[in-house]
Amino acid sequence: MRTLSNPQFPFNTTISVYNRFSNLNQQQFIHNKPINEIALFISSALQNCTKLNYLKKLHAKVFAFGLQYNSNLSTKTATLYISFNYIDFACNVFQNIPYPSSYLWNIMIRACACDGKFYSSLELYRRMMGKGQRPDKYAFPFVLKSCAGLSDLQMGRLIHQHSACCGCGGDIFVHAALVDMYAKCGEIKAARMMFDKMPDRDLVCWTSMISGYAQNGYNYETLEFFDDMRGSGVKANRVGILSVLLACSNLGALRKGEGFHTYVIRTGFESDILVATAVIDMYAKCGSLSSARSLFDKTSGKDVVCWSALIASYGIHGDGMKAIDLFNQMVSEGTRPNYITFTCVLSACGHSGLLEQGKRFFKLMREEFDVVPKLSNYACMVDLLGRAGEISEAIELVETMPVKADTSIWGSLLGACRVYNNLDLAERIADRIFELNPLHTGYHVLLSNIYAAKSRWNDVEKLRKIMARRGATKVQGLSLIEFDNVVHKFGVGDRSHPQMDKIYSLLEELADQMKRLGYVPLTDFVLHDIEEEAKEVALLYHSERLAIAFGLINTSPGTSLQITKNLRICGDCHNAIKFISKIVNRVIIVRDMHRFHHFEDGVCSCGDYW
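Rules of the game
- Residues numbered from 1 in each chain as written.
- Predicted model: local features only at pLDDT ≥ 70, side-chain atom pairs only at ≥ 80, totals over all residues.
- Heavy atoms only, no water.
- Axes fitted to C-alpha atoms, helices over the stretch in contact; angles between N-to-C directions.
- Helix = DSSP H or I, 4+ residues; strand = E, 2+ residues; numbered from the N terminus.
- Parallel < 35°, antiparallel > 145°, perpendicular 65-115°, else oblique.
- Left-handed = near helix turned anticlockwise from the far one by under 90°.
- Contact = heavy atoms within 4.5 Å.
- Nonpolar A, V, L, I, M, F, W, Y, C, P; charged D, E, K, R; others polar.
- 1 Å grid on protein atoms, 1.4 Å probe; cavity = no way out; pocket = protein on both sides within 12 Å on 5 of 7 lines; lining within 4 Å.
- Points joined across faces, edges and corners; volume = space filled by probe spheres on them.
- Core = buried A, V, L, I, M, F, W, Y, C linked by side-chain atoms within 4.5 Å.
- Buried < 20%, exposed > 50% of the residue type's maximum accessible area, 1.4 Å probe, protein only.
- Pairing = 2+ DSSP bridges.
- Phe/Tyr/Trp six-rings, centres within 6.5 Å; stacked < 30°, edge-to-face > 60°.
- Lys NZ or Arg CZ within 6 Å of the ring centre and 35° of its normal.
- Polar contact = N/O pair within 3.5 Å; in protein donor to acceptor, adjacent residues only side chain to side chain.
- Salt bridge = Lys/Arg side-chain N within 4 Å of Asp/Glu carboxyl O.

1. Some details on the packing of helix H10 (residues 172-184) against helix H11 (residues 188-197)
For the pair H10 and H11, interaxial distance at closest approach is 7 Å and the crossing angle is 165 degrees. When the interaxial angle is binned, H10 and H11 end up roughly antiparallel. Along this stretch, H10 crosses H11, giving a crossing that reads as left-handed. Mapping the contact onto sequence places His-175, Leu-178, Val-179, Tyr-182 and Ala-183 in H10 and Ile-188, Ala-190, Ala-191, Met-194, Phe-195 and Lys-197 in H11. Among the residues forming the contact of H10 with H11, the class breakdown is 9 nonpolar, 1 polar and 1 charged.

2. Points about empty space enclosed by the protein
Inspection of the entire model under this criterion finds 3 cavities of 30 Å³ or more. Here the largest cavity is characterised by a volume of approximately 50 Å³. Around the largest cavity sit His-59, Val-62, Phe-63, Gln-68, Ser-74, Thr-77, Val-93 and Asn-96, which together line it. Those elements that provide at least two residues to the lining of the largest cavity are helix H3 (52-64) and helix H4 (71-83). Examining the composition of the lining of the largest cavity, we find that 3 residues originate from one element, H3, more than from any other. Looking at the lining of the largest cavity residue by residue, the classes come out as 3 nonpolar, 5 polar and no charged.

3. Considerations on the nonpolar core
Counting residues in hydrophobic clusters, the biggest one holds 158 residues, and the most contacted among them are Met-181 and Phe-361. Discounting residues that sit within four places of it in the chain, Met-181 has contacts with Leu-144, Cys-147, Ala-148, Leu-153, Gly-156 and Arg-157. In this structure, Met-514, Ala-549, Ile-569 and Cys-606 belong to the second largest nonpolar core, which totals 34 residues.

4. A short note on the sheet that holds strand E3 (residues 561-565)
Sheets are built from strands paired through backbone hydrogen bonds, the pairs being either parallel or antiparallel. With mixed pairing, the 6 strands of this open sheet are ordered in space as E2-E1-E3-E4-E5-E6. Each edge of the open sheet is held by one strand with a lone partner, namely strand E2 (486-491) and strand E6 (603-604). In this sheet, E2 lies alongside strand E1 (residues 478-483) in antiparallel orientation, the contact comprising 6 bridges. Bridge pairing links Leu-480 to Lys-489 in E2.

5. So, unusual backbone geometry
In this structure, Ser-151 is a non-glycine residue whose phi angle is positive, near 50 degrees. Structurally, Ser-151 can be placed in the loop between helix H8 (140-150) and helix H9 (153-165). A residue is classified by how much of its surface remains accessible, and Ser-151, at 47% relative accessible area, is partly exposed. Although it is not a glycine, Asn-585 sits at a positive phi angle of roughly 55 degrees.

6. Details of the packing of aromatic side chains
Considering all chains together, one arrives at 21 aromatic pairs under this definition. Between the aromatic rings of Tyr-81 and Phe-89, the centroid separation amounts to 5.4 Å while the plane-to-plane angle is 85 degrees, which identifies the pairing as edge-to-face. Residue class for Tyr-81 comes out buried when judged on its relative accessible area of 0%. The interplanar angle of 85 degrees and the centroid separation of 5.3 Å between the aromatic rings of Phe-226 and Phe-260 together place this pair among those described as edge-to-face. In this pair, Phe-226 sits in helix H13 (residues 219-231) while Phe-260 sits in helix H15 (residues 254-266), placing the two residues 34 residues apart along the sequence. Above the face of the Phe-296 ring, Lys-302 is positioned so that its terminal group lies 4.8 Å from the ring centre. Lying over the aromatic face of Tyr-504, Arg-495 brings its terminal NZ or CZ to 4.0 Å of the ring centre.

7. Some remarks on the layout of surface pockets
In this model, the second largest pocket occupies a volume close to 600 Å³. Along its surface, the second largest pocket is lined by 23 residues, and Pro-141, Phe-142, Phe-173, Ala-177 and Val-204 are the ones closest to its centre. Looking at the lining of the second largest pocket, the elements that each hand over two or more residues are helix H6 (102-114), H8, H10 and helix H12 (203-215). The dominant element in the lining of the second largest pocket, judged by the number of residues it contributes, is H10, at 5 residues.

8. A short note on the environment of Tyr-541
Note on placement: Tyr-541 falls in the loop between helix H29 (532-540) and helix H30 (543-554). Relative accessible area serves as the criterion here: at 12%, Tyr-541 is assigned to the buried category. For the pair formed by Tyr-541 and Asp-494, sequence separation is 47 residues and the distance between their alpha carbons is 7.8 Å. The contact partners of Tyr-541, leaving out residues within four places of it in the chain, are Val-492, Gly-493, Tyr-504, Leu-507, Glu-508 and Leu-546. For Tyr-541, the side chain forms a polar contact with the side chain of Glu-508, separated by 2.9 Å.

9. What about the pattern of salt bridges?
Within this structure, the stated rule accounts for 17 salt bridges. A salt bridge links Glu-187 to Arg-157, with the nearest nitrogen and oxygen atoms 3.5 Å apart. Highlighted residues: Glu-187 in the loop between H10 and H11 and Arg-157 in helix H9, separated in sequence by 30 residues. We note a salt bridge from Glu-393 to Lys-359, for which the minimum N-O separation is 3.4 Å. Within this pair, whereas Glu-393 is found in helix H23 (residues 391-400), its partner Lys-359 is found in helix H21 (residues 355-367), the two being separated by 34 residues in sequence. Here Glu-393 falls in the partly exposed class, since its relative accessible area comes to 32%. Residue classification places Lys-359 among the partly exposed residues on the basis of a relative accessible area of 28%. Residues joined in a network through salt bridges with shared partners are Asp-88, Asp-115 and Lys-117.

So this is what it looks like as structure tokens:
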């Protein structure tokens, strides 16, 4: 018998291993038989192998007889390990094959890509090219999948060139993989160009474009493309449905969302817990928390993601106590919370000012549920403490926590400085933020707000110049409102809408009525050193007010309005909408980038705690 010669063999195989596994079928194995007959016996056994343990025994025999460099046996062994999803073992076997076939290169690249080992997949591709092996149409889709998984646009473009040079540019599967790669790397125009070139488009191609649009914030295009897909006769899959529900959530398009919910029921996806959770989340983010809860209660097989989604929904609507009650119900029904669940409940405490409850849950994470806090959990605690004015305690937590603070944590502290007018600390915190991310426009604007509130216009102008020098551009504030199944978009000072004359006229009428009721414009929120009267005019035409006026003009009296804004609602608009809700006797719901504000009869549900 030959001795083991490869120290990289994944088992501690010795002669004793061979003896231990010597009770395999066909015991006519005779040690002095020619090695080629032994190889044929093992090859035949591999051909009929259906169990992992049997494969390991055969692999041990391969090494025991010194046959680890036999390409035929190694190829069969690696392929079988892949079939059992033992990818690392397959890679170890592959290392010993001196001249792998094109077939084996392809299945190894595919196995690594499908197992999420994207770096390994790309490394195999590089090695294959280095050995002069020409990649074919079976390799490119999975190499491109790895580029997509890593968001490696540079490598993806290189692979695109390789596919064209190798004559695979016209293959439908390569084309589909290119669409997916460009979409997941954020190059939506390139993805669309590849899609438009395809003579035949299957479900995978349509879904890649739809999910690409959704994940990159192209919400209108997501909905339009989904309709185009349905019009072409292609039935959506789970990913497509999740994408359009996400788009509806982002737009606050409740009526469209209701239509897609009907589609979910009609196509049989309502039993899919991921889809059901997405529908629940859509209703909550479109302002219909009662519909979200109703569907939640009817949903069977709720997992921790589903529970966490509704807990988060109560949080962003400012109902922290209901979020806590739901958490307790989840635990009592036997679902164990994870760190994401705690992120949701801590965030809910933060939005509702439940400081002591938040501290209790943060303590329970480790002590009762053995959940190690992650960065998102610390971020929620810092935000909770900062909102409550416990800035010193928040800073102490940041300095002692075992993970490094990111911009979101420092940003929470900066927001607290804005609320509590702590300019000195704000400047120090801003320095930390801009060290981590000098291009983050939101925090530049927040610091500008703090300077403007102190009438430090030179500092405001200096910060504006720093932003321009760094190439940091301010995100335009936009407000959306759905009417007659169409989502209307407004920007600050917007005059592009066909009804703009009526909208401006109504806002001016409302401004007079508001002042008679005691409204005083909070001109600190204007980031320009201009006259007070000009500041009041600038505030009057903020995007959320334009959207509200449009809604008042086009809906019947008593109809509630829902506005979705992409940024945080400004303090003056928050104050003004309270007056507007009282004057017009309407419920006005505004969802900004952080939470919901329900305005009714001059009061906001947040209790001015936001």
